[in-house]
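Spelled out, the chains give:
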Amino acid sequence: MKHFLKGFAAVAIVLIISLVIHVFCNMNEINLNTPLTAIASAGLSIAIYHILIRNEKK
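Residues numbered from 1 in each chain as written. Predicted model: local features only at pLDDT ≥ 70, side-chain atom pairs only at ≥ 80, totals over all residues. Heavy atoms only, no water.

Caption draft 1: Up close: the overall build of the protein. Check the secondary structure of the protein and you find 2 helices and 0 strands. A compact globule built from 58 residues should have a C-alpha radius of gyration of about 10 Å, whereas the protein, at 14 Å, is more than 25% larger. Taking the principal axes of the C-alpha coordinates as reference, the protein spans close to 45 × 15 × 15 Å. Counting every position in the protein, which comprises 58 residues, the buried fraction comes to 14%. With an accessible surface of roughly 4900 Å², the protein has 73% of that area assigned to carbon and sulfur atoms. (Helix = DSSP H or I, 4+ residues; strand = E, 2+ residues; numbered from the N terminus. Rg over C-alpha atoms; globule rule 2.2 N^0.38 Å. Buried < 20%, exposed > 50% of the residue type's maximum accessible area, 1.4 Å probe, protein only. Areas by Shrake-Rupley, 256 points an atom, 1.4 Å probe, with all protein chains shown as cover.)

Spelled out as structure tokens, the structure:
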């Protein structure tokens with residue numbers, strides 16, 4: 001259950017960051033590339049998840 005919550009936290013962090021970036025870009029009329037944004041979000045979520053579980057006892 002701890003891994004699920006840590007994964008959920010990682011995704012929540014990335015979604016908040018993505019929301020801020022998209023709002024900023026939309027206000028300045030900058031179009032973002034959707035496939036590239038999705039790949040970057042997925043990679044960042046995985047990286048944050050691995051950072052969160054790095055120091056766990058196995």
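Caption draft 2: Here's a closer look at the packing of helix H1 (residues 2–27) against helix H2 (residues 34–53). It is at 9 Å that the axes of H1 and H2 come closest, and there the two elements cross at 140 degrees. Comparing their axes, H2 and H1 come out oblique. Note that H1 runs across H2; the crossing there is right-handed. Of the residues in H2, those in contact with His3, Lys6, Gly7, Ala10, Val11, Ile13, Val14, Ser18 and His22 of H1 are Thr37, Ser41, Leu44, Ser45, Ile48, Tyr49, Leu52 and Ile53. Of the residues assigned to the contact of H1 with H2, the class counts are 9 nonpolar, 7 polar and 1 charged. (Axes fitted to C-alpha atoms, helices over the stretch in contact; angles between N-to-C directions. Parallel < 35°, antiparallel > 145°, perpendicular 65-115°, else oblique. Left-handed = near helix turned anticlockwise from the far one by under 90°. Contact = heavy atoms within 4.5 Å. Nonpolar A, V, L, I, M, F, W, Y, C, P; charged D, E, K, R; others polar.)

Caption draft 3: How the structure looks around H2. Look at H2: 29 Å from first C-alpha to last across 20 residues, which is about the 28 Å you get at 1.5 Å a residue. Buried within H2 are the following residues: Ser45, Ile48 and Ile53. An end-on view of H2 places all buried positions within 125 degrees of arc, on one side of the element. Facing away from the buried surface of H2 by more than 90 degrees, the exposed residues are Pro35, Leu36 and Ile39. Tucked into the core, H2 has its buried residues touching H1. (Expected span 1.5 Å × (residues − 1). Arc of directions from axis to C-beta.)

Caption draft 4: View of a nonpolar patch on the surface. Together, Ile13, Ile17, Ile21, Ile30, Leu32 and Leu44 give the surface a local cluster of nonpolar side chains, amounting to about 450 Å² of exposed area. Per-element accounting of the nonpolar patch gives the leading share, 3 residues, to H1. Tracing the chain through its elements places Ile17 in helix H1. (Patch = residues over 30% accessible without salt bridge, like charges linked within 9 Å, V, L, I, M, F, W, Y side chains within 5 Å. Salt bridge = Lys/Arg side-chain N within 4 Å of Asp/Glu carboxyl O.)

Read these as layout, nothing more, since geometry by itself doesn't imply function.
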